[in-house]
Structures are given as structure tokens and as C-alpha cells.
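Report on the structure
Spelled out from the first residue to the last, the chains are:
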Amino acid sequence: MIFPEGFVWGAATASYQIEGAAKEDGRGQSIWDTFSHTPGKVAGGDTGDVACDHYHRHADDVGLMRELGLAAYRFSVAWPRMLPEGQGRVNPKGLAFYDKLVDELLNAEISPYVTLYHWDLPQALEDRGGWTSRDTAYRFAEYAQIVHERLGDRVSHWTTLNEPWVAAYLGYGNGVHAPGRRDPAAAMRAAHHLLLGHGLAARALREAGARSLMLVVNSAPVLTPAQVNDPEAAPGEADAAAAHRIHALLTRQFLDPAVHGSYPAEVLDAAARNGGLGHVQDGDLELINAPIDQIGINYYNPCVVEASPGEPADAAWPGSEGVRFAGADAPTTAMGWPIVPDGLSRLLARLSRDYPRVGLMVTENGAAFDDVVEDGRVRDRDRVAYLRGHLREVHRAIEAGADLRGYLVWSLLDNFEWAEGYRRRFGIVHVDYPTQTRTPKDSALWYRDVIGRNRL
Ligand code: IFM
């Protein structure tokens, strides 16, 4: 299986998950510092205080990326490292860190893919309402401009938001993520303001000359249980309607406004029943509908649902009344997530159909397993199988005509897996946290060979 010439191979990480140095060089506090230091919020009481210590080890980490042959590295900028209060005063040492990182990547011939928001909102902004406040969208656009002013001469690829669904619905809906609020109306407001922030930032970056803009969503095909192992299975009317609604809440809620300038009826209906639509102002959808070049897709597993009359809405899914989230008949990763590789090609086909004029990129895909180091080696056969299975589907989607431009594995390094702490390892490189020793797993060496040959 040969991949197209110029297909972008890379890996991804995010600031709070790897940087550490939480109190160094003038970094301000983020909602994840507050949340992880609140007892009971994160498994094992883990925090991102030290994480992979990437803030100090970035040069070696870039060296590792070079050895693996990565052509692209997707990382996020920590807003509170740049603007400790979220607005106003810029922290020169924060800027200097990313400046150096970008230079190191370019020297290693690795393209930086910069994400501006991967969930570490400055606590000072959360104290003023966070994403439930419209003002945060404007502060985000200002911050985006500041980062672009400093890095835009060398960075071509810009992502505004990573997974706004997760930021809104796990952060403000079921409270499993920072800032830990549990209010469906707040979550829907947050989702809209995240989108508004995306649109405002995308416009500002484009005007400033950014060449490639991307919005990254956590997306998945929404399947009924029978469809998991049989793409041809025809669901009954009620199950099909449930799947249709959940697809609107998960994926179309973000991509329809960004690409088509409109909300799906299912989202408007859910908002109307959860706090109303007062936060959606005239002209917002035009602002959100700023042209983007690529949609980034983070795919791990399908979303499996069935109709279940009388079922109350799940706290993370306002508007999901009458739907039951079901398990899948498939093997699972250490996260308990079902492994369904062809979910990826099914999803890419759907997105190509629904958003035909925008390029696609797999910006995250990977798996957590209980890895062990033995004689200096991590024999992570299950991860190699996961990645191989998904890359086959990537290839299949390209053959079927998807405008898919690259694939970034999640993650380069084992890291802070949010509410799961450090017990879940997604890296292709193992991190021994007490010593910070990096050990490329067998999957990293396998991936290096795939990249080198541009084929599976
Ligand atoms: O670790 C996360 C990442 O921050 C966002 N996408 C999913 C990954 C695995 O849960």
C-alpha cells in the first residue's frame, strides 16, 4: 500500500500533557492546574506539574522526532504561558520557548503544526466565566494574533481549537474535565463561544497571512450495534434516527457552522431546550464560517448508539434524550475503547461527502495499552496492530477519493492523559516518569519504517 507523494507523516502532543514547568518562567495558572490539584478529579492525584518535562527536554525530544523521520509535529501553545492572565501582559519567556522549539523543528526539517487551544484555558479567564462568556472568544482571537505575530514567519500550519466538543461537554457538561462544571446550558453556550473564538481567530490569522488553517474535531462514525461489524446492516427507523441525532451533536455541531455557516436543526433544538438560544447573536454564524483549508480528525473509536425510549439525556450530551450509548462487539484498548479500524474509513467517506471542498487530515489516532519495558525494549505488538489496521483504512479512504493529506499518531510520548493521569500510555515512545528516560517502543520503530518507505 503506497501512500501519495507528499503525504504528511507525523506525531502529535499537547502543552499541558507534556510540558511540565507549570510554575516556571512566568507561566500563569490554567484551568487544568486548578482541576488536577483538586482532590478526586484525576486518577492517582496526578497533575501536569512535571509531566514529560518537555519544557526542559525539547531539544532532545526534537532529536528523537528526527530519528523517527517525522515530517510534521503537532503541538499546542499553552495560552497561560504566553499570556499569564489570559489577556494583556505578554510573557516574553513563554514566547521564547515556542520560538526556540519552532527553530529546532525547522532545523530538523520537521514542519510545525501549531494548535492554539488544547484545553489549558487561563484560570483568570475561567474566573470571568470561561467559555460560557462571549468575551473569552474575543480574548482567544487576540491571543492567536500574538502567537502568530511571533511565529507566523516560520509556521505555515495553524489550528485554532482542538476538539471543541470535549472542551465544552466534558468541561462544562459532565464535569469530567476542567473546569469541572456540570450544567448542560453552560456546555451549549461554551460550544458556541468556542466556535465564535475559532471564527474570529481564523479571520485574524488569515488577514495576518497564515497559509493553512485547520479546525480539529473529535469525530467518529455513529453506528448502531449491528453496524459495528457489518457496514451493510440496515438499522431500524428509531435506531437510525438516534444515530442521526448523535452525529449532529458530535460532529455537525462544529463542522456545519464552520464550513457551511449553519447549525443543524438537532443542535438548535437541544440548545432551545437547554437554556435557550440567547447567546447566539445575529452575525455569529457568518463569523464562525471563516474559510479553513483542512478539517483535522481525531479518531479513536466509533460512537455506538441505539434508540431507548424514556432514556434521560446523558450529562455530556444535551439533546440525547431517548438514546442509549451502547458497547461494541470488538476488542478494546486499555481505555476500554473498542478497536474498529474501518470506522475511520467510514468516517472519512462521510466527511468527504458532507464537506467536499475542504481537505482532511488525521490529526490524532492511536491507542493506550499497558506497556512494559523489558530489557530496554517495549514490545507493543497490540499498538502496532492498531496503527497498521487504521493506516490500512487511511489508505482505503484515499483510494476511494478522500482528499486526505496526512496522518499524525497520538502520541509521540506517553503523557498526562487528563482525568486518567499517567496510568494510560498512548505514546509510541515510552516515558519513565521518575527518570524521564525516553524509550522508543517497537511501534515507533515500525512507524519509522512506514514513514521511510511511504508504504505499509
Ligand atoms: O490525550 C487526548 C488528547 O489530548 C485529545 N484527543 C484524545 C487523546 C486521547 O484521549
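Look up: the structure comes first, before these words.
Described in the following lines is the structure provided in the data block. (Residues numbered from 1 in each chain as written. Predicted model: local features only at pLDDT ≥ 70, side-chain atom pairs only at ≥ 80, totals over all residues. Heavy atoms only, no water.)

**A closer look at the site of the ligand**
Taken together, Q17, H118, W119, N162, E163, Y300, W337, E364, W410, E417, W418 and F426 make up the full set of residues near the ligand. Here an oxygen atom of the ligand and a side-chain polar atom of E417 are 2.6 Å apart. Relative to its unbound accessible area of 280 Å², the ligand is 94% covered by the protein chains. A breakdown of the residues in the shell around the ligand according to their chemical character gives 6 nonpolar, 3 polar and 3 charged. (Near = heavy atom within 4 Å. Polar contact = N/O pair within 3.5 Å; in protein donor to acceptor, adjacent residues only side chain to side chain. Areas by Shrake-Rupley, 256 points an atom, 1.4 Å probe, with all protein chains shown as cover. Nonpolar A, V, L, I, M, F, W, Y, C, P; charged D, E, K, R; others polar.)

**What to know about the environment of N174**
With respect to the helices, strands and loops of the structure, N174 is situated in the loop between helix 8 (164-169) and helix 9 (184-207). Measuring from C-alpha to C-alpha, the distance between N174 and A258 comes to 25 Å, with 84 residues separating the pair along the chain. There is a polar contact of 3.1 Å between the side chain of N174 and the backbone nitrogen of V176. (Helix = DSSP H or I, 4+ residues; strand = E, 2+ residues; numbered from the N terminus.)

**Here we look at the sheet that holds strand 3 (residues 111-117)**
What the 8 strands build is a closed barrel, ordered 1-2-3-4-5-7-10-11; its pairing is parallel. Between one strand axis and the next, the sheet turns by 25° as a mean value, whatever way the strands run. Pairing of strand 2 (residues 72-76) with strand 3, which is carried by 5 bridges, proceeds in the parallel orientation. Its bridge partner being in strand 3, A72 is matched across the sheet by S111. Sheet contacts for helix 5 (residues 92-107): strand 2 and strand 3; angle to strand 2, the most-contacted strand, approximately 170°. (Pairing = 2+ DSSP bridges. Axes fitted to C-alpha atoms, helices over the stretch in contact; angles between N-to-C directions. Contact = heavy atoms within 4.5 Å.)

**Brief notes about the nonpolar core**
Core analysis: the largest hydrophobic core is formed by 150 residues, its most contacted members being W32, Y117, W158, I295, V394 and Y407. No other element matches the 12 residues that helix 9 contributes to this core. Core analysis: the second largest hydrophobic core is formed by 7 residues, V8, A72, V216 and L408 among them. (Core = buried A, V, L, I, M, F, W, Y, C linked by side-chain atoms within 4.5 Å. Buried < 20%, exposed > 50% of the residue type's maximum accessible area, 1.4 Å probe, protein only.)

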